[in-house]
Amino acid sequence: ERMQAIVDGKIKHNGGTIDILVTGCEVSLWLAEQFVSDLQKCFPLLYLRAVSSNKLLGLFGQELSMPAIGHPYSQKSMDMQDPIVIIVSHSGGTFGPLACSNLLQSFSTSIFTVTSEWDTQ
């Protein structure tokens, strides 16, 4: 639905719009960044971002947000209106990605996980 709305011009983009948000920690974040890089080459009109789960928790998971010093992300610069969210976690139980799965439910109705096994948390 979201992709069709973008094609139809019903969703307007700005510099902070995020269509697909991919997040993870440590090696999973590296994999997420590589995936976003490849996906961006395939779909140049989509607004994609790979952001550390810990940065998302610092920005959106606390009553008083923690600025991501040295990074271009802030609550004001990220337009997260129902983005597709992909959470990458090898174990499925790492604190950052697991906490983001709960946090991002208030931002998105489309949350997916990529884990190493089908029966992870």
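Structure shown above.
Residues numbered from 1 in each chain as written. Predicted model: local features only at pLDDT ≥ 70, side-chain atom pairs only at ≥ 80, totals over all residues. Heavy atoms only, no water.

Draft legend 1. Looking closely at helix H2 (residues 26–42). Spanning 17 residues, H2 covers 25 Å between terminal C-alpha atoms, matching the ideal 24 Å at 1.5 Å per step. Considered for burial, the residues of H2 that qualify are Ser28, Leu29, Ala32, Val36 and Leu39. All buried residues of H2 project into a common sector of 95° when viewed along the axis, lining one side. Exposed side of H2, more than 90 degrees from the buried face: Val27, Trp30 and Lys41 are the residues found there. (Helix = DSSP H or I, 4+ residues; strand = E, 2+ residues; numbered from the N terminus. Expected span 1.5 Å × (residues − 1). Buried < 20%, exposed > 50% of the residue type's maximum accessible area, 1.4 Å probe, protein only. Arc of directions from axis to C-beta.)

Draft legend 2. Expanded view of the nonpolar core. In terms of nonpolar packing, the biggest core is built from 14 residues, with Leu21, Leu56, Phe60, Met80 and Leu104 touching the most fellow members. Of all elements in the fold, only helix H3 (53–60), strand S3 (84–88) and helix H4 (95–103) reach the threshold of two or more residues within this core. Per-element tally for this core: the top contributor is H3, with 4 residues. With residues near it in sequence (within four places) discarded, Leu104 still touches Leu21, Leu56, Met80, Val85 and Ile111. (Core = buried A, V, L, I, M, F, W, Y, C linked by side-chain atoms within 4.5 Å. Contact = heavy atoms within 4.5 Å.)

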